[in-house]
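Take a look at the letters that make up each chain.
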Amino acid sequence: MSDTGLDTASIRRDFPILKREIGGHPLTYLDNAATTQKPRAVIDALVDFYEHHNANVHRGVHTLSEEATALYEGARVKAAGFLGACDPGSIIFTRGTTESINLVAQGWARQNLRSGDEILLSEMEHHSNIIPWQIAARETGAVLRYIPVTDEGLLDMDEAGRMITEKTALLALTHTSNVLGTINPVADLIRLARSRGALVLLDAAQGVPRQPLDVTALDCDFLACSGHKMLAPTGIGVLYGKPELLERMEPPSGGGGMIRQVWREGADWREPPWRFEPGTPDISGAVGLGVALDYLSALGLQRVQAHEAALTRQALRGLEAIPGVTVYGPSGGVARGGVVSFNVDGVHPHDVAQVLDEVGVAVRAGHHCCQLLMKRLGVAATVRLSFAPYNDAADVERLLRGIGRVKEVFGDDGEQKRALP
Ligand code: C6P
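Sequence positions are assigned chain by chain, starting from 1 and proceeding in written order. Confidence filtering applies because this is a predicted model: local features only for residues at pLDDT of at least 70, side-chain atom pairs given and counted only at 80 or more, and all residues used for totals across whole chains, interfaces and linings. Heavy atoms throughout the structure, all of them, feed into the side-chain values; hydrogens and water do not.

A few words now on the site of the ligand. Proximity criterion: a residue is near a molecule or strand once any of its heavy atoms comes within 4 Å of it. In the vicinity of the ligand, 17 residues are found, and the nearest of them are Thr-98, Asp-203, Ser-226, Arg-364 and Arg-384. At a separation of 3.3 Å, a nitrogen atom of the ligand approaches a polar side-chain atom of His-126. Residue Asp-203 places a side-chain N or O atom 2.6 Å away from a nitrogen atom belonging to the ligand. Within the complex, 88% of the 510 Å² of free accessible area of the ligand lies under protein. By the convention adopted, Pro, Cys, Tyr, Trp, Phe, Met, Ile, Leu, Val and Ala count as nonpolar, Lys, Arg, Asp and Glu as charged, and the other residues, Gly among them, as polar. Split into classes, the residues belonging to the shell around the ligand amount to 4 nonpolar, 9 polar and 4 charged. What qualifies as a polar contact is a pair of N or O atoms within 3.5 Å, subject to a donor-acceptor requirement within protein and to the restriction that residues adjacent in sequence count only when both atoms come from side chains. For the area figures, the Shrake-Rupley method with a 1.4 Å probe applies, and any residue is considered shielded solely by the protein chains shown.

Below you can see the structure in the form of structure tokens.
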């Protein structure tokens, strides 16, 4: 049992992949910001769906189709509850955060942005929350602006206050940085944006898996997240949208299942969310997502948050004590999500990740789809570790020992001293 009330030994038994060894070492999986592992309950739910209930949804009157529809729509109700949304109709199933943001950039933005309107982003955005807006800006004549990031890896709130103006049509912001772990003060920014008439979209790909978030309390207009980053299968995600906005929004793409009537010259749309889900959706993915959300809810998001915060403190203390290691992002006790980026002097991040892999430790190295932030940090890439509920103190110790191995292999000058194993 961890100090924060999570029984990690028992949680680890729920994740079959954690029994794997890599090169004779126990798997230490610290790449959870990229994607998390899946518990037995989610894997079993997929098998159960295909063995007992598989059919298309909303299309048949036969028993299997009704069962599949009930499971799919049941997952929507669970997702609404998990995110604090009052109306399941405000939950659109997508392939993930990227598709969710694109849906708003193509659906809402095309209809509502005018030349000269401003879309406000930040320097710490993932490319998934930049490129869709660049495309929308090109199509509408809107202008992109970026809230700067301070040397501590925080949003410059003074600048944010100046940049949110009556010209701002939309603030599209990451809740938790996938590189720095910075948790942005989104409640304050939403209030500010609201007072100046702007809408707010939260990229919560890293926020939703790591702390309780309530879209109603936050009063955000849109929120995007990915199932695969919170123990669910790949290929399923969520866009939350305020019902009154979705009601007025045109679907950016069309197909079966989203219309009331079709005639030769046109069609009219079903109500949200189905208007935005053309074609056969990822039914088993949605069912798996529902089970993953049940699993996370049973652990308790508050406990998950405290657990990841404790592991993050342990990792920061350990990394900061190693000479030649530079850690990026907030320090000095500032709250951050379970994501830590660092570099080892003179050693390319890919080499660090390769040596760590040799001892069974999986981390990500690269620009993490955040090239603007890399430029701001003055680096081409970083090494990144990120936590999930099944990680424990022993994982952090193995990572820190792995960095010792990196220093042994490359020495303090970054020159390789020994052949890689
Ligand atoms: N970040 C990472 O290793 P998708 O790929 O659609 O599920 O999520 C995109 C995305 C959007 N915003 C943030 C803040 C993210 O972290 C991600 C995914 C992964 O950091 C893969 S690049």
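Looking now at helix α11 (residues 301-320). Starting at the N terminus, helices and strands are each numbered in turn, a helix being any DSSP run of H or I of at least four residues and a strand any DSSP run of E of at least two. What a helix should span is 1.5 Å times the count of its residues minus one. Between its terminal C-alpha atoms α11 stretches 28 Å, which fits the 28 Å expected from 20 residues at 1.5 Å a residue. Within α11, burial applies to Leu-301, Val-304, His-307, Glu-308, Leu-311, Thr-312, Gln-314, Ala-315, Leu-316, Gly-318 and Leu-319. Residue exposure (1.4 Å probe, protein chains only): buried if accessible area is under 20% of the type maximum, exposed if over 50%, otherwise partly exposed.

Looking now at the packing of aromatic side chains. Any Phe, Tyr or Trp ring, taking Trp's six-membered ring, that has another such ring centre within 6.5 Å forms a pair; planes under 30 degrees apart are called stacked, those over 60 apart edge-to-face, and the others tilted. Using the criterion set out here, one finds 4 aromatic pairs in the structure. With centroids separated by 4.6 Å and ring planes inclined at 55°, the aromatic side chains of Phe-15 and Tyr-390 adopt a geometry described as tilted. Highlighted residues: Phe-15 in the loop between α1 (8-13) and β1 (21-22) and Tyr-390 in the loop between β17 (382-386) and α14 (393-410), separated in sequence by 375 residues. For the pair Phe-15 and Tyr-390, one class covers both residues: buried. With 5.3 Å between their ring centres and 80° between their planes, Phe-49 and Tyr-50 make a pair best called edge-to-face. Taken together, the ring pairs in this structure connect Phe-15, Tyr-295 and Tyr-390 into an aromatic cluster.

With that out of the way, let us pick up the pattern of salt bridges. Counted as salt bridges are all cases of a side-chain nitrogen of Lys or Arg within 4 Å of a carboxyl oxygen of Asp or Glu. Within the structure shown, the criterion is met by 22 salt bridges. With its nearest N and O atoms 2.7 Å apart, the salt bridge here joins Asp-294 to Lys-78. One end of the pair, Asp-294, is in helix α10 (residues 283-299); the other, Lys-78, is in helix α3 (residues 63-83), with 216 residues separating them in the sequence. A relative accessible area of 38% places Asp-294 in the partly exposed class. Judged by its relative accessible area of 35%, Lys-78 falls in the partly exposed class. With its nearest N and O atoms 3.8 Å apart, the salt bridge here joins Glu-123 to Arg-376. Here Glu-123, found in the loop between β5 (118-122) and α5 (131-140), pairs with Arg-376, found in helix α13 (residues 371-377); they are 253 residues apart in sequence, far enough to count as distant.

Attention now goes to the packing of helix α2 (residues 40-53) against α10. In the contact formed by α2 and α10, the axes pass within 9 Å of each other and the chain directions differ by 145°. For the element pair α2 and α10, the recorded crossing hand is right-handed. Contacts between α2 and α10 involve Ala-41, Val-42, Ala-45, Leu-46, Phe-49 and Tyr-50 from the first element and Ile-283, Ser-284, Val-287, Gly-288, Val-291 and Ala-292 from the second. Of the residues in the contact of α2 with α10, the class split is 10 nonpolar, 2 polar and no charged. Only the stretch in contact is used when fitting a helix axis, every axis being a line fitted to C-alpha atoms; angles between N-to-C directions are given from 0 to 180 degrees. Each crossing gets its hand from how the near helix is turned against the far one by less than a right angle, where anticlockwise is left-handed and clockwise is right-handed. By definition, residues are in contact when any of their heavy atoms lie within 4.5 Å.

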